[in-house]
Amino acid sequence: MDNRLLEMLVCPLCKGPLEHVRTATSRELVCHADRLAFPVRDGIPVMLESEARSLESVDTVAAAPTSVG
Ligand SMILES: [Zn+2]
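Residues numbered from 1 in each chain as written. Predicted model: local features only at pLDDT ≥ 70, side-chain atom pairs only at ≥ 80, totals over all residues.

Structural notes on the overall build of the protein chain
A tally of regular secondary structure across the protein chain gives one helix and five strands. Beginning at the N terminus, the succession of helices and strands in the protein chain can be written as α-β-β-β-β-β. Burial statistics for the protein chain: of 69 residues in total, 16% are counted as buried. Pairs at least 24 residues apart make up 17% of the contacts formed inside the protein chain by residues separated by at least 6 positions. (Helix = DSSP H or I, 4+ residues; strand = E, 2+ residues; numbered from the N terminus. Buried ≥ 20, exposed ≤ 12 C-beta atoms within 10 Å, placed from the backbone. Contact = placed C-beta atoms within 7 Å.)

This is the structure we're talking about:
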């Protein structure tokens, strides 16, 4: 898997950047804005909200200056 491909990916929900996180057994693409972690299965990112894992840990998220409205 070309890591550059993973780096190109953005969150399907907010189109924000994803953090590529490796664990001992798996890889995930984390969106801090949505607090979701998308699984990477066999090197293929699964960019589905229904497949994403909710992040329970509360970490400081820099609020992006988005204009809503
Ligand atoms: Zn997002």
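The structure having been displayed, the exposition proceeds.
Observations regarding the nonpolar core
Within the largest apolar cluster, nine residues are counted, these being C11, L18, L29, C31, L36, A37, F38, V40 and A52. When contributions to this core are tallied by element, the ones reaching two or more residues are β2 (27-31) and β3 (36-41). With four residues, β3 is the single largest residue contributor to this core. Beyond its immediate chain neighbours, meaning those up to four positions away, F38 contacts E28, L29, P45, V46, M47, E51 and A52. (Core = buried A, V, L, I, M, F, W, Y, C linked by C-beta atoms within 7 Å.)

Let's talk about the pairing of β2
Sheet topology note: the strand β1 (residues 19-22)/β2 ladder contains four bridges and is antiparallel. Following the sheet pairing, V21 is matched in β2 by E28. Counting the residues in the hairpin turn of β1 and β2 gives four residues. Taken together, the five bridges between β2 and β3 define a ladder with antiparallel strand orientation. Paired with V30 across the bridge in β3 is A37. The turn linking β2 back onto β3 is made up of four residues, and R35 within it adopts a positive phi angle of 55°. (Pairing = 2+ DSSP bridges.)

Points about the environment of L48
Mapped onto the secondary structure, L48 falls in the loop between β4 (44-45) and β5 (53-54). In sequence terms L48 and L13 are 35 residues apart; their C-alpha atoms lie 9.1 Å from each other.

Details of the pairing of β3
Sheet analysis places β3 next to β5, joined by two bridges and oriented antiparallel. If you follow A37 over to β5, its bridge partner there is R53. Relative to β4, β3 is paired through two bridges, and the arrangement is antiparallel. Bridging across to β4, R41 finds its partner in I44. In this structure, the hairpin formed by β3 and β4 is closed by a connection of two residues, where D42 is found at a positive phi of approximately 55°.

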